[in-house]
Structures are given as structure tokens and as C-alpha cells.
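Spelled out from the first residue to the last, the chains are:
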Amino acid sequence: MMTKTQLKNRFIHACENVIAAETELTEIDSKFGDADHGLTMHKIADAIKASVEASDGNIQEMLDDAAMAVMKLNGGSAVPLWNTWLDGMQEGSPQTEEIDAAGLRAMFASALEELDDMSGAKVGDKTMMDAVIPASEAIEAYEGQDEGELFSLAAEAALKGAENSKNFVSKFGRAKSYGEKTIGTPDAGAVSMSRFFEGLAKEG
């Protein structure tokens, strides 16, 4: 079992990891985007971190607070996508102070379902889904009881997915107009998502 405090700490690590990657994300996004992804993700991560730190409710309420905090932000396309993902997460999470591996599977399955409905992007379209989908599939496929191991496998899958996005042509957003030129550069949204999962895999 993982306590709400342990899960909260993992979310804080995830946010700190994204904030630390701001320069990297800006650099990637400056090639074919608006060069604002690093700043937008810093804002999103700040909002999530502050909300989970301040939340005194159960796991579902904590995730609901995080989704609401992101919804209030002004920013690029990442804001509604992250809000939807977090909202899906809270819908699939328990109204308790603890969560087990099965609970985490349900939580991330619900998050993917909501995000998939909104985004419509698949692996290979060069979006954040290149990291979210493999990470979610790794969680879904995990049959053990160790929550820490579940997050490690998800982080590994997200990182591979983000790396793999280098091989694709952008099919969404401003980068779409650059066509074949986008091959060789990973998707900024996939990289920020992989940094988030990397942080979730950190204990403490």
C-alpha cells in the first residue's frame, strides 16, 4: 500500500523534475514550436506542486485539487491537456488515504481514457501521447503489488516513448508545418511527460 503522503511526495518530485527541465524543454520547443513549452510546463508543475502540498483531503480530493489548479492557468495547449489528464486521474482514484497497485492501475487507466478522448493523438503522431500511452500501458500490464516498481516501469516506458518521438514527423500543432524536418528532434510534450514520470518514480 502507498499512503497519500507517499503519493503526494512522488507528485512533488515529478513537478520538481519538470521544473528542472525547463531549459531543455524550451530548447526543444524553439526548433518547431513557440519556444514557450518550458515556461508553460513550469507553470503547470508549480500549480500541481502547490495544490498537492496544500491539499488536506483524501487521494481523490488531492488529485481534484491538482486538476482544478491547472484548469485556472493561462497557457498553451498543454494546459487543457494536463487538466484533462489529472481530472481523469481523480475520477479513477479512491476516496481514501491509501492506494495499492490495482488502485494505481485504475487511476492511470481512467486518466488515459479521458486524455485520449480529448487528444485523439496516437503513438507516432509526435505529441505528449508518445510518452503517456507507453507509460499507461506499462502500468496496465504490471501484475505485481509493488507500487514503486510500477512507477519505475512507467518512467522507463515514458522515457523510451519520448526518445522514440524523434523518429516521427509532427502531425499536430505548429510543428506540423515543418513536416520531415521535425525528424531527429523529440516532441517537447513527450519529453515533459517523461520527466514527470521520471519524478514519480522517485521515492521519499
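Everything below is about the structure printed above this text.
This write-up is about the structure you can find in this document. (Residues numbered from 1 in each chain as written. Predicted model: local features only at pLDDT ≥ 70, side-chain atom pairs only at ≥ 80, totals over all residues. Heavy atoms only, no water.)

**Observations concerning a negative patch on the surface**
Then comes step 1: A cluster of acidic side chains, namely Asp 56, Glu 61, Asp 65, Glu 97 and Glu 98, defines a negative patch on the protein surface.
Then comes step 2: Position of Glu 61 relative to the elements: it lies in helix α4 (residues 59-71). (Patch = residues over 30% accessible without salt bridge, like charges linked within 9 Å, V, L, I, M, F, W, Y side chains within 5 Å. Areas by Shrake-Rupley, 256 points an atom, 1.4 Å probe, with all protein chains shown as cover. Salt bridge = Lys/Arg side-chain N within 4 Å of Asp/Glu carboxyl O. Lys, Arg positive; Asp, Glu negative; His and termini not counted. Charge placed at Lys NZ, Arg CZ, Asp CG, Glu CD. Helix = DSSP H or I, 4+ residues; strand = E, 2+ residues; numbered from the N terminus.)

**Quick notes on helix α1 (residues 4-20)**
Then comes step 1: Helix length check: α1, at 17 residues, gives a terminal C-alpha distance of 24 Å against a target of 24 Å (1.5 Å per residue), a fit within 8%.
Then comes step 2: Along α1, the residues that are buried comprise Lys 4, Leu 7, Lys 8, Arg 10, Phe 11, Ile 12, Ala 14, Cys 15, Asn 17 and Val 18. (Expected span 1.5 Å × (residues − 1). Buried < 20%, exposed > 50% of the residue type's maximum accessible area, 1.4 Å probe, protein only.)

**Some details on the packing of α4 against helix α5 (residues 78-91)**
Then comes step 1: At their nearest, the axes of α4 and α5 sit 8 Å apart, and the two run at 165° to each other. Viewed along their axes, α4 and α5 adopt a mutual orientation that is roughly antiparallel. Crossing hand, α4 versus α5: left-handed. Contacts between α4 and α5 involve Gln 60, Leu 63, Asp 64, Ala 66, Ala 67, Val 70 and Met 71 from the former and Val 79, Trp 82, Asn 83, Leu 86, Asp 87, Met 89, Gln 90 and Glu 91 from the latter.
Then comes step 2: Of the residues contributing to the contact of α4 with α5, the split by class is 9 nonpolar, 3 polar and 3 charged. (Axes fitted to C-alpha atoms, helices over the stretch in contact; angles between N-to-C directions. Parallel < 35°, antiparallel > 145°, perpendicular 65-115°, else oblique. Left-handed = near helix turned anticlockwise from the far one by under 90°. Contact = heavy atoms within 4.5 Å. Nonpolar A, V, L, I, M, F, W, Y, C, P; charged D, E, K, R; others polar.)

**Quick notes on the nonpolar core**
Then comes step 1: Core analysis: the biggest nonpolar cluster contains 58 residues, and Phe 11, Ile 48, Trp 82, Trp 85, Phe 108, Phe 196 and Phe 197 have the highest contact counts within it.
Then comes step 2: If near-sequence neighbours (up to four positions away) are discounted, Trp 85 is found in contact with Phe 108, Ala 111, Leu 112, Leu 115, Val 132, Met 193, Phe 196 and Phe 197. (Core = buried A, V, L, I, M, F, W, Y, C linked by side-chain atoms within 4.5 Å.)

**A look at the packing of aromatic side chains**
Two measures describe an aromatic ring pair: the distance that separates the ring centres and the angle between the ring planes.
Then comes step 1: Taken as a whole and assessed by the stated rule, the structure comprises 9 aromatic pairs.
Then comes step 2: Relative to Trp 85, the ring of Trp 82 lies with its centre 5.3 Å away and its plane at 80°, an arrangement referred to as edge-to-face. Separated by 3 residues within a single helix, Trp 82 and Trp 85 lie in helix α5, roughly one turn from each other.
Then comes step 3: Accessibility expressed as a relative area gives 2% for Trp 82, which makes it buried.
Then comes step 4: Taken together, a centroid distance of 6.2 Å and an interplanar angle of 50° make the contact between Trp 85 and Phe 108 tilted. Taken together, the positions of Trp 85 in helix α5 and Phe 108 in helix α6 (residues 101-119) put the pair 23 residues apart, joining distant regions of the chain.
Then comes step 5: On the basis of relative accessibility, which here comes to 0%, the residue Trp 85 falls in the buried class.
Then comes step 6: Note on Phe 108: relative accessible area 1%, which makes it buried.
Then comes step 7: Members of the aromatic cluster, each reached through a chain of ring pairs, are Phe 11, Trp 82, Trp 85, Phe 108, Phe 151, Phe 196 and Phe 197. (Phe/Tyr/Trp six-rings, centres within 6.5 Å; stacked < 30°, edge-to-face > 60°.)

What is shown is where atoms sit, not what they do.
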